[in-house]
Protein chains: 2
Amino acid sequence: MRPDPFQRNCGSRQVIDRIGDRWSVLVVLTLADGDRRYGELAEHIDGISQKMLTQTLRGLERDGLVTRTVHASVPPRVDYALTGLGRSLLDLVSGLESWATTHLAEVQAARVRYDADLPRRSPTGTARPTRPSRR
Amino acid sequence: MRPDPFQRNCGSRQVIDRIGDRWSVLVVLTLADGDRRYGELAEHIDGISQKMLTQTLRGLERDGLVTRTVHASVPPRVDYALTGLGRSLLDLVSGLESWATTHLAEVQAARVRYDADLPRRSPTGTARPTRPSRR
DNA sequence: CAGCATCCAACGGGATACTG
DNA sequence: CAGTATCCCGTTGGATGCTG
């Protein structure tokens, strides 16, 4: 009866998917050191579209990881904050962040090596049609 | 000069994306306790297609997280294993797994609560076409 | 067995325009 | 300001068939 993410229909896999979500990690990290307004999140997370930001926030809110607080003011102000559940995730995601930054160089080096070896897998080793000209 | 995943073009974000990849986590976890053959991976990770398995393995291999060893035998045998870099990720991904399993119930409860409140946002509160009948 | 190649449907996600 | 609603195209990813 233990949750097993290796089973396709187990909820724990959905949880992993949510955390593994491209933007969820960055949103949670941004909320790590305090509440943030919608616009602040959008500004801080470079490259996120508002559609994705909203969608990500709704997902996190639905899963009980963040709260959404609407202040009745003009102009409107909406604050997002981590819940206790969300904070319990902080060690994990910040660990993810630090792993990514500390091992970035190694990963990039590995990529260069891998890509350099790739031509050997080509038919003749010459005239490699990386992109078969489309169509 | 520190890598900053909040910048759209920083490599550290790509690293986070790779880890956050839907299948990468499960593949790494499967390789946690030893080498595995291609078929074993496919069997253990329920629901993964061979296209996705291959694609995920190539990505992990490219990033230097797993090795691919071809044994010249008939029938062919290919073993996948974590590299040192890959193993350095184990604490993180297993932490992710345990978080997912231990907090699964809370997340699911939060979802039920959230979804129960959703009708209030509907126009009338009745006749909610959750799935617009397809088409 | 361990894949690669191809086709195609479904979804993700960006850009844009509009609203309370 | 903080969204929602639409359009629309690129990518994802499953299914199928073939190969060393």
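Residues numbered from 1 in each chain as written. Chains lettered and ligands numbered in written order. Predicted model: local features only at pLDDT ≥ 70, side-chain atom pairs only at ≥ 80, totals over all residues. Heavy atoms only, no water.

- In the annotation of an unreviewed UniProt entry, the entry for chain A reads Transcriptional regulator, HxlR family, and the organism field reads Micromonospora matsumotoense.

**Some points on the protein's contact with DNA strand C**
Working step 1: Taken together, 17 residues sit near DNA strand C, with Ser-49 and Lys-51 of chain A together with Gln-50, Arg-68 and Tyr-80 of chain B positioned nearest.
Working step 2: Protein-proximal atoms of DNA strand C, defined as those within 4 Å of the protein, fall in sugar or phosphate at a share of 61%.
Working step 3: At 2.9 Å from a phosphate oxygen of DNA strand C is found a side-chain nitrogen or oxygen belonging to Arg-37 of chain B.
Working step 4: Between Arg-58 of chain B and DNA strand C, the recorded distance is 3.1 Å, taken from a side-chain N or O atom to a phosphate oxygen.
Working step 5: Secondary structure elements with two or more residues in the surface near DNA strand C: helix 4 (50-62) of chain A together with helix 3 (38-44), helix 4 (50-62) and strand 3 (77-82) of chain B.
Working step 6: The greatest single-element share of the surface near DNA strand C, amounting to 4 residues, is contributed by helix 4 of chain B.
Working step 7: Residues of the surface near DNA strand C, tallied by class, amount to 7 nonpolar, 5 polar and 5 charged. (Near = heavy atom within 4 Å. Polar contact = N/O pair within 3.5 Å; in protein donor to acceptor, adjacent residues only side chain to side chain. Helix = DSSP H or I, 4+ residues; strand = E, 2+ residues; numbered from the N terminus. Nonpolar A, V, L, I, M, F, W, Y, C, P; charged D, E, K, R; others polar.)

**Comments concerning the relation of the copies chain B and chain A**
Working step 1: The transform that puts chain B on chain A rotates by 180 degrees and translates by 0.0 Å along the axis, for an RMSD of 0.1 Å. These values place the two chain copies in the arrangement generated by a two-fold rotation axis. Relative to the rotation axis, the C-alpha of Gly-20 of chain B is the closest in chain B, positioned 1.9 Å from it.
Working step 2: Mapped onto chain A, 100% of the interface residues of chain B are again interface residues, and the two copies thus contact each other with one and the same surface. (Least-squares fit on C-alpha atoms with pLDDT ≥ 70 in both. Contact = heavy atoms within 4.5 Å.)

**A look at the sheet that holds strand 2 (residues 66-71) of chain B**
Residue and element names in this part refer to chain B.
Working step 1: The antiparallel open sheet is built from 3 strands, whose spatial order is 1-3-2. Taken across any chain shown, the strands that pair with only one partner, and hence form the sheet edges, are strand 1 (36-37) and strand 2.
Working step 2: As judged from the 2 bridges shared by strand 1 and strand 3, these two strands associate in the antiparallel manner. Its bridge partner lying in strand 3, Arg-37 is registered against Asp-79.
Working step 3: Its contacts with the sheet place helix 4 against strand 2 and strand 3, and it is angled at close to 115 degrees to strand 2. (Pairing = 2+ DSSP bridges. Axes fitted to C-alpha atoms, helices over the stretch in contact; angles between N-to-C directions.)

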